[in-house]
Amino acid sequence: MGKKASRFRSFDIDDPKLPPEIKKRAFGSDGYPYPEPLDRKSYEKDLTVLQVELVKLLASQAKAGGRSVLVFEGRDAAGKGGSIAAVRQHLNPRQARIVALAKPSDRESGEWYFQRYASELPAAGEMVLFDRSWYNRGVVELVMGFCTPAQSEHFLTEAPTFEGMVTKSGTHLFKFWLEIGHEMQLLRFHDRRHDPLKVWKISPVDLAAIHRWDEFTEARDRMIEATHTRHAPWIVVKANDKRRAHLALIRYVLLNIDYAGRDVAAIGNVDSNILGLGPDALKGMA
């Protein structure tokens with residue numbers, strides 16, 4: 001058990017009372033740069049402006065036959081689903097499609113690893129949002145023993161080539177890694193466990209992840225180092241505050257796809273305290 005994990009050896013997710021030290025440390029955990037959440041009024045105002053731009057982007061993409069892929073990866077409870085919802089909320093569901101693949105079938109397990117993901121890539125005019133992706137093999141499968149180290153290593157060498165084919169086809173590819181602090185992860189796990197509307201979000205993998213923080217960190221760092229490329233960079237988003245995370249990643253997408261009617265002034269600037277690129281963005285983060 002690693003150093004970070006050992007601090008929370010006594011954490012009991014089934015205890016309805018969250019340890020006060022976890023609640024106190026959660027928001028600022030692992031060097032989060034802001035002392036409190038962005039206020040809801042400011043968030044909703046900015047989000048509405050950005051969602052208008054997303055509607056314009058998708059309409060322009062549909063007319064021109066463009067394609068875009070947004071990959072959402074990160075630690076368990078980092079806010080992947082909420083980020084996807086913020087992007088897609090007002091988009092035409094026929095043109096903006098969410099892909100969240102289940103455990104591979106026996107047949108799929110015998111296929112080329114990327115095959116079932118490749119079949120979900122967008123057609124002309126579509127945006128596809130992956131709620132986890134082929135990068136399962138880079139972190140979760142490796143840490144949880146669902147693949148061998150050799151299989152994971154092979155994946156890391158092949159992923160940049162696969163993504164090169166995707167981007168050379170003219171598809172815009174965005175790979176987001178959402179990162180949260182350890183105490184924030186425990187707080188969110190605890191909230192899910194004791195909220196009857198969210199308890200379905202807790203999986204056996206989540207429960208196992210509670211005491212494998214350091215293993216996930218090592219796998220994360222190795223994966224991002226190996227697969228961060230010029231054609232498909234990793235976009236690291238600090239996500240202890242979900243609101244700031246949503247605004248930062250949406251702004252990044254809007255500023256990196258040219259589309260008809262884009263209002264750069266309305267989009268604004270990406271918060272560099274929240275979003276960075278590649279391994280350098282992980283420095284100082286556990």
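Just above sits the structure.
In short, a report on the structure.

Moving on to the overall build of the protein chain. Along the protein chain, the regular secondary structure elements total 13 helices and 6 strands. Expected size for 286 residues packed as a compact globule is a radius of gyration near 19 Å; at 19 Å, the protein chain falls within 12% of this value. Considered along the principal axes of its C-alpha atoms, the protein chain spans approximately 55 × 50 × 35 Å. Residue burial in the protein chain is summarised as follows: out of 286 residues, 49% are buried. Put simply, 81% of the contacts in the protein chain that link residues at least 6 apart link residues at least 24 apart.

Among the nonpolar cores identified, the biggest contains 52 residues, and Leu70, Val87, Phe176, Val237 and Ile250 are the most heavily contacted of them. When residues of this core are traced back to their parent elements, those giving at least two are α3 (40-64), β1 (68-74), α4 (80-88), β3 (127-131), β4 (172-179), α9 (182-193), β5 (234-238) and α12 (242-255). If near-sequence neighbours (up to four positions away) are discounted, Ile250 is found in contact with Leu47, Leu50, Leu54, Ala86 and Val87. Residues Tyr117, Val205, Met223 and Leu282 belong to the second largest nonpolar core, which totals 33 residues.

Below, the discussion takes up the packing of α3 against α12. Working note: a packed helix pair is described by the angle between its axes plus the distance between those axes. Put simply, α3 and α12 touch, their axes get as near as 10 Å, and they point 25° apart. In terms of axis orientation, α3 runs roughly parallel to α12. The handedness of the crossing between α3 and α12 comes out as left-handed. Between α3 and α12, the residues in contact are Arg40, Tyr43, Asp46, Leu47, Leu50, Glu53, Leu54 and Leu57 and Arg243, His246, Leu247, Ile250, Arg251, Val253 and Leu254, respectively. For the contact of α3 with α12, the class distribution of residues is 9 nonpolar, 1 polar and 5 charged.

Further remarks concern the pattern of salt bridges. A side chain with one charge may pair with a side chain of the opposite charge, provided their charged atoms come close. All chains considered together, the criterion is met by 19 salt bridges. The partner of Glu120 in a salt bridge is Arg97, with the nearest N and O atoms 2.8 Å apart. One end of the pair, Glu120, is in the loop between α6 (115-118) and β3; the other, Arg97, is in strand β2 (residues 96-99), with 23 residues separating them in the sequence. Residue classification places Glu120 among the partly exposed residues on the basis of a relative accessible area of 22%. Take Arg97: its relative accessible area is 23%, and that puts it in the partly exposed class. Residue Glu153 is joined to Arg222 by a salt bridge in which the shortest nitrogen-to-oxygen separation is 2.3 Å.

The next point concerns the sheet that holds β4. Across the sheet, which stays open at both edges, the 6 strands sit in the order β2-β3-β1-β4-β5-β6 with mixed pairing between neighbours. Because the sheet does not close on itself, it has two edges, and the strands there are β2 and β6 (275-277). Ignoring which end each strand starts from, the neighbouring axes of this sheet average 25° apart. Direction of pairing for β5 relative to β6: antiparallel, over a ladder of 3 bridges. What sits directly across from Val236, in β6, is Gly276.

Bringing helix α8 (residues 149-168) into the picture now. With 20 residues, α8 should cover 28 Å at 1.5 Å per step; its first-to-last C-alpha distance of 29 Å lies within 8% of that length. Among the residues making up α8, those that are buried are Ser152, Phe155, Leu156, Ala159, Pro160, Phe162, Glu163, Gly164, Val166 and Thr167. One or two positions beyond α8, positive phi appears at Gly170, with a value near 100°.

Turning next to the side chain of Glu179. Note on placement: Glu179 falls in strand β4. On the basis of relative accessible area, Glu179 is assigned to the buried category, the value being 3%. Polar side-chain contacts of Glu179 include one of 2.7 Å to the side chain of Arg75.

Conventions we followed
- Residues numbered from 1 in each chain as written.
- Predicted model: local features only at pLDDT ≥ 70, side-chain atom pairs only at ≥ 80, totals over all residues.
- Heavy atoms only, no water.
- Helix = DSSP H or I, 4+ residues; strand = E, 2+ residues; numbered from the N terminus.
- Rg over C-alpha atoms; globule rule 2.2 N^0.38 Å.
- Buried < 20%, exposed > 50% of the residue type's maximum accessible area, 1.4 Å probe, protein only.
- Contact = heavy atoms within 4.5 Å.
- Core = buried A, V, L, I, M, F, W, Y, C linked by side-chain atoms within 4.5 Å.
- Axes fitted to C-alpha atoms, helices over the stretch in contact; angles between N-to-C directions.
- Parallel < 35°, antiparallel > 145°, perpendicular 65-115°, else oblique.
- Left-handed = near helix turned anticlockwise from the far one by under 90°.
- Nonpolar A, V, L, I, M, F, W, Y, C, P; charged D, E, K, R; others polar.
- Salt bridge = Lys/Arg side-chain N within 4 Å of Asp/Glu carboxyl O.
- Pairing = 2+ DSSP bridges.
- Expected span 1.5 Å × (residues − 1).
- Polar contact = N/O pair within 3.5 Å; in protein donor to acceptor, adjacent residues only side chain to side chain.

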